[in-house]
Amino acid sequence: MMRSAARPGLLRRFVVPLALGVVVLAAAALVLRAGDNAPALPATVSAAAQGPCLRSAAEMRRIHPTLLKHERQAAVREGKRDPQARIERCVTCHVMRDASGAAVSAEDPRHFCRTCHDQVAVRIDCFSCHRSTPPTTLASGAAR
Amino acid sequence: MTAIAFDNLTASPRRLWPAVIVLGAALLAGGLAVLVIETQGHHVTGMTNRVPWGLPHVVAYFLILSASGALNVAMVASVFRQKAYEPLAPFSALLAIALLAGGLSILVLDLGRPDRLTLTMQSPNPRSIFAWNVVLYTGFVAITAAYLVTLLDRRFARFFGVTSNAAFLWRFVLTTGTGLDLGILIAREELNSAVFAPMFISFSLTFGLAVFLLVLPAAAWLSGGAPDHALMQRLGRLLALFLAVSFYFSAVTHAFNLYAVPTRSLERFLLFQGDLYTVLFWVGQVLLGTVTPLLLVYRKQPIAAAAAVVLGALATLYLYVIVSQAYPQPVLPGLQVTSAWGDGSVASYGPSAAEFFLGLGGVAVALAALLAGCLLFRIVPIDLARAAAPSAALRAAA
Amino acid sequence: MRTEPDTGRRKALKLALGAAALAVDPGLFLIAAPAQSRPAGVAASDSQRWGLLIDVSRCAEGCTRCVQACSAEHGWRGGGPPGLDPQWIRVLSATDPETGRSVRAPLMCQHCARPPCADVCPTKATFRRADSVVLVDRHRCIGCRYCVMACPFGVRFFLGDNVSDRERRSPRGKGTAEGCTLCVHRIDEGRQPACVEACPGAMMFGDLNDPKSPIREVLAGQGARRLRGNLALGQGVQYRGL
């Protein structure tokens, strides 16, 4: 196989620059995300709140992804329903309202989940399927 | 393996830059199509709930089948020890990887939620042929890349036997899996057969070699070289043989479907009453895709034959993928069914611009990957890499 | 706020009425017998197997109450160009070309015991719950539409459009597959699927594993058939009168 002596091997030509690039990017990411400044929680919880949250605020901040994942596994795949753990209950208690009193949806940065998630730049996927506002009443006046 | 000289493709700028611009434009168009589909939703495409898989899947299947077939030249060289093809083995392996990457990119970017693919594929369904295909496709890339390394780097030459044999076996398993994508659909009687595995293997040999016969002269054109005439003629005759076998499989399955009562009405529709589909079969698959290439090979025009095969291939795959979806399913056999949903009637499907550019983008991914590989790595045999024909001394010195 | 299930007395009364009606004439009307509500935190089990029985001779000409009820319950609209928008339940009109006899039959996910959609799903997003309801776990669905291809009845759908104003108990999202859920959010609470509740008497829902359930009694007595029975899928949805 013809190979000129002056050209460095595959390793030096590609792998090392690639690895350097990865290290630089990782360092930049760490620097820019430095600190763990959780934003202040919105002060109000809806008057329609039906009792305390599943966990304390500090605990929720830490484990709510795990809770959500566990609950959805149980609810969807195993059929274990827990009325206290429904997303519907979360968005009802933590509803944020705009000036006219209408509930804001997850499209709006004032939505409860968005206030924190926007700050820490973690995209949430829940409301691509789930309703992000409390249930409204039907035209007939009955609750949905 | 004898010492063969390989080099980076030294393309003349006058020819390279237009190629790069065209590929770049196709990639951009594909990227825009993906953006539109992902943000607006698939309702901007022609794919509906009656015809959920459309033109992008046809092009993706073509690229994936061509990928395992494109490896054939390398396999003939390495597994069947035909020395005449050894200079082309690395190029063939790179082409296989590039084509598979192109096909996979279409499939992945057409998903409704591609952002989830890496997450949810962490617990795949062992009963799903689709899940197995993901393993087979990525494994194919890995094994073929390993084989390529053993060809290019003498330090790894001792793994040559293992990787070449593994690639040879793997590519058959892969194409079997691709064929069974359609073959395991019990809902569609005309598709529900294991014959799709060997049929798709024959398709892969044909389509892959046809793509090879188009891409190799194109690469040579970029550098101002030319592939060996006798080699091209030999490959052209091989293409004719593969094409005959492919057509045999397809013709027998069509004839069988016409004979068997459950599939007769669908086959009649396809062959005689289906407007676009009938034209695609007789003009696209038969005339352009089978008769014309055979004639062209006989007239010693392998490149033109390969181009005709590619067009016929797209028509063939379009028929297999689309017609079964469009034709109504026998939910209540024996009864004439109607509904607001369109049960009982043939669904209409027309590819949208987004789908066309998504497919084009996938082809561009494959060709761009191949071009990049040829420019960066020493893949191309030296008489194609540069315009000047090598002297005997230069070959001996390698 | 969860609705309270029927009190024991009302349940017993309904059962008695239903049994009496069946004793008089099994084909008189199909009474929707209430299921048991499952307590919170208890998983669905294979001791129950949910089934639907549809008597097409009672499917009235021009009636689309099941379609409208499902549409209101889950928020899909349908009604667009044929084959485009999801339509979880639709009414087929079928005519025998030899005799001219025509029937109407609602068609929804058949909740097969051996579902081809669950077989082909690469991520196990489409799955069969222990109590035989075929569901899509939209958290896992990647939107490949292989299940839509594989369904022998054309009752799987791919949502290709944005959803506005989601229904509270029926999450739906762009880019995932969907279909009739047998109203699991209702049946887990002991209620009927929305279509069965709206139907004036052609649909019956119940536990196929319970030998005393009305649906089992009708099936044992008069039988019913499954669509495309030669595929041996073991659907939970069965039809009488086809």
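Residues numbered from 1 in each chain as written. Chains lettered and ligands numbered in written order. Predicted model: local features only at pLDDT ≥ 70, side-chain atom pairs only at ≥ 80, totals over all residues. Heavy atoms only, no water.

Description of the interface of chain C and chain B
Part 1 of the argument: Across the contact, 54 residues belong to chain C and 54 residues belong to chain B.
Part 2 of the argument: Ranking the residues of chain C by area buried against chain B places Arg145(C), Tyr146(C) and Met149(C) at the top, with a combined share of 17%.
Part 3 of the argument: The tally of links from chain C across to chain B stands at 34 residue pairs in polar contact (both at pLDDT 80 or more).
Part 4 of the argument: Every element with two or more residues in the side of chain C that touches chain B is listed here: strand S2 (90–95), helix H3 (116–120), helix H4 (146–150) and strand S6 (157–158) of chain C.
Part 5 of the argument: Ranked by residues supplied to the side of chain C that touches chain B, first place goes to S2(C) with six residues.
Part 6 of the argument: In terms of residue class, the side of chain C that touches chain B is made up of 29 nonpolar, 12 polar and 13 charged. (Contact = heavy atoms within 4.5 Å. Buried area = accessible area lost by both parts, 1.4 Å probe. Polar contact = N/O pair within 3.5 Å; in protein donor to acceptor, adjacent residues only side chain to side chain. Helix = DSSP H or I, 4+ residues; strand = E, 2+ residues; numbered from the N terminus. Nonpolar A, V, L, I, M, F, W, Y, C, P; charged D, E, K, R; others polar.)

Regarding the packing of helix H2 (residues 55–70) of chain B against helix H7 (residues 160–183) of chain B
Residues and elements named next belong to chain B.
Part 1 of the argument: Their axes nearest at 9 Å, the elements H2 and H7 cross at an angle of 160°. Put simply, H2 runs roughly antiparallel to H7. At the point where H2 passes H7, the crossing takes the left-handed sense. Judged by residue contacts, Tyr61, Ile64, Leu65, Ser68 and Gly69 of H2 engage Arg171, Leu174, Thr175, Thr178 and Asp181 from H7.
Part 2 of the argument: Among the residues making up the contact of H2 with H7, the classes are represented as four nonpolar, four polar and two charged. (Axes fitted to C-alpha atoms, helices over the stretch in contact; angles between N-to-C directions. Parallel < 35°, antiparallel > 145°, perpendicular 65-115°, else oblique. Left-handed = near helix turned anticlockwise from the far one by under 90°.)

Describing a nonpolar patch on the surface
Residue and element names in this part refer to chain B.
Part 1 of the argument: On the surface, a cluster of nonpolar side chains totalling about 820 Å² of accessible area is made up of Phe272, Val279, Trp282, Val283, Leu287, Leu288, Val291, Leu295 and Leu311.
Part 2 of the argument: Counting residues per element, the nonpolar patch draws most heavily on helix H11 (residues 276–298), which supplies seven residues.
Part 3 of the argument: Structurally, Val291 can be placed in helix H11.
Part 4 of the argument: On the accessibility criterion, Val291 (38% relative accessible area) is partly exposed. (Patch = residues over 30% accessible without salt bridge, like charges linked within 9 Å, V, L, I, M, F, W, Y side chains within 5 Å. Areas by Shrake-Rupley, 256 points an atom, 1.4 Å probe, with all protein chains shown as cover. Salt bridge = Lys/Arg side-chain N within 4 Å of Asp/Glu carboxyl O. Buried < 20%, exposed > 50% of the residue type's maximum accessible area, 1.4 Å probe, protein only.)

Comments concerning the nonpolar core
Part 1 of the argument: Judged by nonpolar contacts, the single largest core of 124 residues is most densely connected at Phe91(B) and Tyr146(C).
Part 2 of the argument: The element that contributes the greatest number of residues to this core is helix H8 (residues 196–223) of chain B, accounting for 16 residues.
Part 3 of the argument: In this structure, Trp88(C), Cys151(C), Ala177(C) and Ile187(C) belong to the second largest nonpolar core, which totals 55 residues. (Core = buried A, V, L, I, M, F, W, Y, C linked by side-chain atoms within 4.5 Å.)

Points about the confidence of the model for chain A
Part 1 of the argument: On average, residues of chain A score 79 in pLDDT, and 76% of them are at 70 or above.
Part 2 of the argument: Contacts for the low-pLDDT stretch residues 138–144 of chain A, under 50 throughout, to residues beyond four places or in other chains number nine contacts. (pLDDT = per-residue confidence, 0-100.)

Comments concerning the sheet that holds strand S1 (residues 50–55) of chain C
Hydrogen bonds along the backbone pair up the strands of a sheet, which may run parallel or antiparallel.
Residues and elements named next belong to chain C.
Part 1 of the argument: With respect to topology, three strands assemble into an open sheet ordered S8-S1-S9, the strand pairing being mixed. Each edge of the sheet is formed by a strand with only one pairing partner; in this case those strands are strand S8 (203–207) and strand S9 (237–240). The mean angle between the axes of side-by-side strands here comes to 20°, regardless of whether they run parallel or antiparallel.
Part 2 of the argument: Bridge analysis of S1 against S8 gives five bridges, and the strand direction is antiparallel. The residue of S8 that forms the bridge with Leu53 is Met204.
Part 3 of the argument: Each of S1, S8 and S9 is contacted by helix H7 (residues 214–222), which is oriented at about 110° to S8, the strand it contacts most. (Pairing = 2+ DSSP bridges.)

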